[in-house]
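# Analysis of the macromolecular model
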Amino acid sequence: MSERFDCHYCRDPLQGKKYVQKEGRHCCVKCFDKICANTCIECKKPIGADSKELHFKNRYWHDNCFRCFKCYTSLVNEPFMLRENNKVWCSNCTATEDAPRCKGCFKPIIAGDQNVEYKKMVWHKDCFTCSQCKQVIGSGSFFPKGDDFYCVSCHEHKFAKTCAKCKNPITSGGLTYQEQPWHSECFICSNCKKQLGGKRFTAVEDQFYCVECYKECVAKKCAGCKNPITGFGRGTSVVNYEDESWHDYCFKCTKCARGLANKRFVCHNGKIYCAECPKRL
C-alpha cells in the first residue's frame, strides 16, 4: 500500500495536483496562498504560488509591483535603491531627488548640467540672470546686492557715481573735487589737456588750469616785474589799483623802493610813490 501524499495543512491529497514545497513541507496551492505566502510590501496582498516574487533584505514584492515609487518604471532587472518608507526608486529618480535645487527655477541640477555657485547657493547657468535687465549672467562677472545680482553694465548705471563732466559711471578710481566725482581722465587742464589729479591747479569760472597754463594764459601780469601773478608760492597777496595788479612785494615806491602793500601811497604821472617821496620831486 503506497504512502499518502497529502497537503501538510488541509490533508487534501496532492497526487496529480499542483503543490508547493516550503521548508520541507508540501502544501496545496490554496493553503500556500492562505498560510505560507509572503506579503507584497507595496500592495499588501499575498504573493501567491502562481505569482513571480522578488525579494530584497527580507522584503517581498510581486514582480509587477516592483516599480519606481517616483516614475513607476519597472525595476525588474534594473538598478534600484530602497529609500524611506520601504519605497524603491530607480537610479535616475534617486539622482534627481538628491540633486541640489536651482535657486532660480527650483528644479534639480543633475550631473552634467552647467551651473553657477555662490555662497552655498546654486543655479542652472541659464537661470543665473541680472536682477535689472534679466539677461543671463552665466559665468560672467556680477555684483551682489542683498538678494539681488547685477551684471557689470546694470551695476554701473544703478549704483556707480556719475562723472561731473562726461556724466558716465565711474567704475574704478576717479577723484572728487568740491564734493563732485570725476574720472581721472576727465579732470584735466582746459588748455593743455593734461590730467590734474594730484597736481596743483587753479579753477577759473568752472575751467581748470595747471600752474603752467594758468601763468601763460589766464594770470594777470604784474605791473612791476611783468611776470604772471599766479597765487602760488611767494607773493600770494595781490595789490590792485586802477585796472593794474602787482605782486605785494612788487608794489613799492618808484623812488625809494619802500614796500607799499597795505600802506599809504601816491600815484603821480602813472607811477607809484610813498607819501614822502613826491615832496622831494
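Residues numbered from 1 in each chain as written. Predicted model: local features only at pLDDT ≥ 70, side-chain atom pairs only at ≥ 80, totals over all residues. Heavy atoms only, no water.

Take the pattern of salt bridges next. For the structure shown, the criterion picks out 1 salt bridge. Between lysine 87 and glutamate 42 there is a salt bridge, with the nearest N and O atoms lying 3.8 Å from each other. On the criterion of sequence distance, the pair formed by lysine 87 in strand β6 (residues 87-90) and glutamate 42 in the loop between α1 (29-36) and β3 (53-56) is long-range, its members being 45 residues apart. Residue classification places lysine 87 among the partly exposed residues on the basis of a relative accessible area of 21%. Of the residues examined, glutamate 42 reaches a relative accessible area of 35% and is grouped as partly exposed. (Salt bridge = Lys/Arg side-chain N within 4 Å of Asp/Glu carboxyl O. Helix = DSSP H or I, 4+ residues; strand = E, 2+ residues; numbered from the N terminus. Buried < 20%, exposed > 50% of the residue type's maximum accessible area, 1.4 Å probe, protein only.)

Within the sequence span of helix α4 (residues 211-218), burial applies to Val211, Cys213 and Tyr214. Along the axis of α4, the buried residues cluster in a sector spanning 165 degrees; they form a single face. In α4, those exposed residues whose orientation departs by more than 90 degrees from the buried face are Glu212 and Glu216. Close packing links the buried residues of α4 with β15 (201-204) and β16 (207-210). (Arc of directions from axis to C-beta. Contact = heavy atoms within 4.5 Å.)

Bringing unusual backbone geometry into the picture now. The phi angle at lysine 119 is positive, at roughly 50 degrees, despite the residue not being glycine. For lysine 119, the location among the structural elements is in the loop between β7 (115-118) and β8 (121-124). Owing to a relative accessible area of 64%, lysine 119 belongs among the exposed residues under this scheme. With phi around 50 degrees, glutamate 205 is a residue other than glycine that occupies positive phi space. Considering the arrangement of structural elements, one finds glutamate 205 in the loop between β15 and β16.

Right, let's talk about the layout of surface pockets for a bit. Taken as a whole, the largest pocket encloses approximately 200 Å³ of empty space. Considering the residues around the largest pocket, the lining is formed by 13 residues, among which Lys103, Trp123, Ser131, Asp147 and Phe149 are closest to the centre. Class assignment of the residues belonging to the lining of the largest pocket gives a composition of 6 nonpolar, 4 polar and 3 charged. Together, Ala223, Gly224, Glu244, Trp246, Cys250, Lys252, Thr254, Gly270, Lys271 and Ile272 line the second largest pocket. Those elements giving two or more residues to the lining of the second largest pocket turn out to be β18 (244-247) and β20 (271-274). When its residues are assigned to classes, the lining of the second largest pocket shows 4 nonpolar, 3 polar and 3 charged. (1 Å grid on protein atoms, 1.4 Å probe; cavity = no way out; pocket = protein on both sides within 12 Å on 5 of 7 lines; lining within 4 Å. Points joined across faces, edges and corners; volume = space filled by probe spheres on them. Nonpolar A, V, L, I, M, F, W, Y, C, P; charged D, E, K, R; others polar.)

Of all hydrophobic cores here, the largest spans 13 residues; its most connected members are Trp61, Phe66 and Leu75. The biggest single contributor to this core is β6, with 3 residues. Ignoring anything within four residues of it in the chain, the contact list for leucine 75 reads Phe66, Arg67, Cys68, Phe80, Val88, Trp89 and Cys90. (Core = buried A, V, L, I, M, F, W, Y, C linked by side-chain atoms within 4.5 Å.)

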